[in-house]
Amino acid sequence: MSDHPKIELQGVSKSFGSNHVLRDVSFSVEPGESMTIIGGSGCGKSVMLKCILGLMDVDAGKIFVDGEEITGMKAADHDRVRAKFGMLFQGGALFDSLPIWRNITFALTQGRHKRSSDMRATALENLERVGLGKEVLDLRPSELSGGMQKRVALARAIAPRPEIIFFDEPTTGLDPIRTDVINKLIVELVKDLGITALTITHDMGSVEKISDRVAMLFEGRIIWSGPVSELRHSGDVHVDQFVQGRAEGPIS
Amino acid sequence: MSETGILGSLVAIFAAIGKPVVGGFASVGRVTLFALQTIQRALTPPWYPLRLLEQLFQIGWNSLPVVALTAVFTGAALAQQIYTGGSRFNAQSTVPAIVVIAMVRELGPVLVGLMVAGRVSSAMAAEIGTMRVTEQIDAMVTLRTDPYRYLIAPRLFASVIALPILVCIANVIGIFGGYLLSIHKLGFNPSSYLEMTNSILEGDDIMMSLVKAAVFGFFIALSGCYAGLQTKGGAAGVGRATTNAVVGAFVLILLSNLVITLTAFG
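Residues numbered from 1 in each chain as written. Chains lettered and ligands numbered in written order. Predicted model: local features only at pLDDT ≥ 70, side-chain atom pairs only at ≥ 80, totals over all residues. Heavy atoms only, no water.

If you look chain B up in an unreviewed UniProt entry, it shows as Phospholipid/cholesterol/gamma-HCH transport system permease protein from Parasphingopyxis lamellibrachiae. Listed under Function (unreviewed entry) in UniProt, the entry text for chain B is "Could be part of an ABC transporter complex." Taken directly from UniProt, the Sequence similarities (unreviewed entry) text for chain B runs: "Belongs to the MlaE permease family." (UniProt positions renumbered as here; feature names shortened; annotations may be inferred.)

Looking at an unreviewed UniProt entry, chain A carries the name Phospholipid/cholesterol/gamma-HCH transport system ATP-binding protein, with the source organism given as Parasphingopyxis lamellibrachiae.

This paragraph deals with the overall build of chain A. Helix and strand counts for chain A stand at 9 helices and 10 strands. At 18 Å, chain A has a C-alpha radius of gyration in line with the 18 Å of a compact globule built from 252 residues. For chain A, the proportion of contacts with a sequence separation of at least 24, taken over those separated by at least 6, is 63%. As presented, chain A carries roughly 10800 Å² of accessible surface, and 48% of it is formed by carbon and sulfur atoms. (Helix = DSSP H or I, 4+ residues; strand = E, 2+ residues; numbered from the N terminus. Rg over C-alpha atoms; globule rule 2.2 N^0.38 Å. Contact = heavy atoms within 4.5 Å. Areas by Shrake-Rupley, 256 points an atom, 1.4 Å probe, with all protein chains shown as cover.)

Moving on, we come to the sheet that holds strand S9 (residues 213-218) of chain A. Residues and elements named next belong to chain A. With respect to topology, 6 strands assemble into an open sheet ordered S6-S7-S8-S3-S9-S10, the strand pairing being mixed. The sheet is open, and its two borders are formed by strand S6 (85-88) and strand S10 (221-227), each paired with just one other strand. Averaged over all neighbouring strand pairs, the angle between strand axes comes to 15°, with direction disregarded. Here strand S7 (residues 164-168) runs beside strand S8 (residues 196-201); their pairing, made up of 5 bridges, is parallel. When the sheet's bridge partners are listed, Phe167 is paired in S8 with Thr199. With respect to the sheet, helix H1 (residues 45-53) is in contact with strand S3 (34-38), S6, S7, S8 and S9, its orientation differing from that of S8 by roughly 150°. (Pairing = 2+ DSSP bridges. Axes fitted to C-alpha atoms, helices over the stretch in contact; angles between N-to-C directions.)

This paragraph deals with the sheet that holds strand S4 (residues 60-65) of chain A. Residue and element names in this part refer to chain A. Pairing in this open sheet of 4 strands is antiparallel, and the strands run S2-S1-S4-S5 from one edge to the other. Every interior strand has two partners, whereas the edge strands, strand S2 (19-29) and strand S5 (68-69), have only one. Here 5 bridges tie strand S1 (residues 7-16) to S4, and the two strands are oriented antiparallel to one another. Within S4, the residue paired with Glu8 across the bridge is Phe64.

On to unusual backbone geometry. For the bond from Pro45 of chain B to Pro46 of chain B, the omega torsion is 0°, close enough to zero to count as cis. By secondary structure assignment, the location of Pro46 of chain B is in the loop between helix H1 (2-42) and helix H2 (49-59). The phi torsion at Asp24 of chain A lies on the positive side, around 55°, for a residue other than glycine. What makes Asp24 of chain A exposed here is its relative accessible area of 56%. Its identity is not glycine, yet Glu135 of chain B carries a phi of approximately 65°, on the positive side. (Buried < 20%, exposed > 50% of the residue type's maximum accessible area, 1.4 Å probe, protein only.)

A cluster of nonpolar residues, Ile6, Leu7, Leu10, Val11, Ile13, Phe14, Ile17, Val21 and Phe25 of chain B, forms a patch on the protein surface that exposes about 940 Å² of accessible area. For Ile6 of chain B, the location among the structural elements is in helix H1. (Patch = residues over 30% accessible without salt bridge, like charges linked within 9 Å, V, L, I, M, F, W, Y side chains within 5 Å. Salt bridge = Lys/Arg side-chain N within 4 Å of Asp/Glu carboxyl O.)

Bringing the environment of Leu166 of chain B into the picture now. Residues and elements named next belong to chain B. By the secondary structure assignment, Leu166 is in helix H6 (residues 147-184). Here Leu166 falls in the buried class, since its relative accessible area comes to 1%. Through-space distance from the C-alpha of Leu166 to that of Val67 is 7.3 Å; in sequence the pair is 99 residues apart. Filtering out sequence-adjacent residues up to four positions away, Leu166 remains in contact with Ile59, Gly60, Ser63, Leu64, Val67, Val112 and Val116.

Before going further, it helps to examine the pattern of salt bridges. Residue and element names in this part refer to chain A. Counted according to the given criterion, the structure contains 22 salt bridges over all chains. Ionic pairing is found between Asp66 and Lys6, a salt bridge with its closest N-O pair at 3.2 Å. Remark: Lys6 occurs in the segment before S1 and Asp66 occurs in the loop between S4 and S5; sequence separation between them is 60 residues. For the pair Asp66 and Lys6, a shared accessibility class is recorded, and that class is buried. Residue Asp66 pairs with Lys84 through a salt bridge whose shortest N-O separation is 2.8 Å. Placement of Asp66 in the loop between S4 and S5 and of Lys84 in the loop between helix H2 (75-82) and S6 is noted, with a sequence separation of 18 residues between them. Residue Asp66 is classed as buried on the basis of its relative accessible area of 8%. Using a relative accessible area of 13% as the deciding quantity, one classes Lys84 as buried. By sharing partners, the salt bridges in this structure join Lys6, Asp66, Lys84 and Glu163 into a single network.

Right, let's get into the packing of helix H4 (residues 95-133) of chain B against helix H7 (residues 190-200) of chain B. Residues and elements named next belong to chain B. The geometry of H4 relative to H7 is characterised by a closest axis approach of 8 Å and an angle of 45° between their N-to-C directions. The angle between H4 and H7 falls in the class oblique. For the pair H4 and H7, the sense of crossing is right-handed. When H4 is examined against H7, the residues Val95, Pro96, Ala97, Val99, Val100 and Ile101 are found in contact with a partner set consisting of Tyr193, Met196, Thr197 and Ile200. Split by residue class, the contact of H4 with H7 holds 9 nonpolar, 1 polar and no charged. (Parallel < 35°, antiparallel > 145°, perpendicular 65-115°, else oblique. Left-handed = near helix turned anticlockwise from the far one by under 90°. Nonpolar A, V, L, I, M, F, W, Y, C, P; charged D, E, K, R; others polar.)

This next bit is on the domain arrangement of chain A. A common measure of how large an interface is: the accessible area buried when the components associate. All names here are of chain A. If you check the domain split of chain A, you get domain 1 (1-84 + 162-252) and domain 2 (94-160). Each of domain 1 and domain 2 was reduced to a C-alpha centroid, and the two centroids are 26 Å apart. At the interface, 15 residues of domain 1 touch 10 residues of domain 2. Both faces combined, the contact of domain 1 with domain 2 buries some 1000 Å², and carbon together with sulfur accounts for 72% of it. Taken together, the links from domain 1 to domain 2 amount to 0 salt bridges. (Domains from an automatic or database assignment. Buried area = accessible area lost by both parts, 1.4 Å probe.)

So, about the nonpolar core. Residue and element names in this part refer to chain A. By size, the foremost hydrophobic cluster in this structure holds 82 residues, and its most contacted members are Phe166 and Leu198. Formed jointly, this core draws a minimum of three residues from each of two domains, domain 1 (1-84 + 162-252) and domain 2 (94-160). Here Phe166 is in contact with Ile7, Leu49, Ile52, Leu53, Phe85, Gly86, Met87, Leu88 and Leu198, once residues within four sequence places are set aside. Ranked by size, the runner-up nonpolar core spans 31 residues in total, among them Ala123, Leu154, Ala155 and Ala159. (Core = buried A, V, L, I, M, F, W, Y, C linked by side-chain atoms within 4.5 Å.)

The structure is reproduced here in structure tokens:
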């Protein structure tokens, strides 16, 4: 299994009516690698993640995880593959009807109320990993600030010890200091836990801190990919415009 | 030129009629598929008994005040109407009989169904809809928990269990409302009123009441959950989902009420 990429997309296309969100997208992520997809708002980054997670079906193309094709997989098999994934949603997507510790252990109990004391300990262990303490265990998500919610969501994503973790705009809406905290956490988690990471973002600061490799998605296509060190001299006008954040250029 | 003009407008007319018809059939199909999918998944574990209890409490216990109020006022008003209407052809004595039949067969289930739909379908659509637009449903799937089993099935089953119980309570309270008014205002004899109520009521009436209640309960949760899961587009979307859920539940309740009544007496 180890000679396969962790995640591989081959010619994936997805459209909603006449809106072609993904057109023939192909790339792969190696085990233990931190890959980042950049691109403007609404360029199909989130849709791509949802396709890999199996939350949406692709129209064409294939997606492989550990060399196993997941497109067109049966629900039961898909569930088994999903056990490898963790996901940090853009808005946190914490369950607001449950206390923090039940949120963090949700994947372990699959929503059932069992082994409470074990689960509280597990929740605390994961909270500490993201720099929070036991004082938040019994709070509700709505009682936390945005940055804390994001950290709890990160704790929830890593609690089942996934092999692959997806970060959907992990730093959007956070102040520069919180942004750096989250960036550092992502780097630590990827290193410490040996997780393969796939991040989508348009925050250039975090791209350079967290990624090994970067690809740029534009109008549903991957127009450039390479190591993060080459990002600033890619030779592609679209990438240059995006990286430098200029209003003038081929991307309007 | 004119031929294509006529043809064009003909096509336009057919399109105008056809689109909503096809759309209507498509949504009936989608809702049916949704219902079957939920039932199929609910039959296999994992089950969530705590979620079921929580929903029974929400749907059943919390609806009691509004159901009791509706029933007692309707029962009393019904008795007065029958008395006044019946007096036109000397049939005042039919008050207990008609109150019990109307309440148990028709008004109990329909009124409870509509009241609970207003309370519960809307709440379900708003809660599930908010979870949908804040990606909590997607998060649940990535945390390997099936939203159909965790969110939908408990609501569907709780509603199907709670409605017959609520309707039984509403029937008793409604008959009691009619009884109170008849005794205190219309001058009926208490023991003969109760005796008449008792002798008129048949097992079939109660059966029909319970069947209707269970069917309405199913539609209440189905409409609420379906509208919730279909929610798109933020707060406005949640608002639309809530409206759709209540309107959908009302239509399904009133339509199925007619179908069940006609089937039973057809």
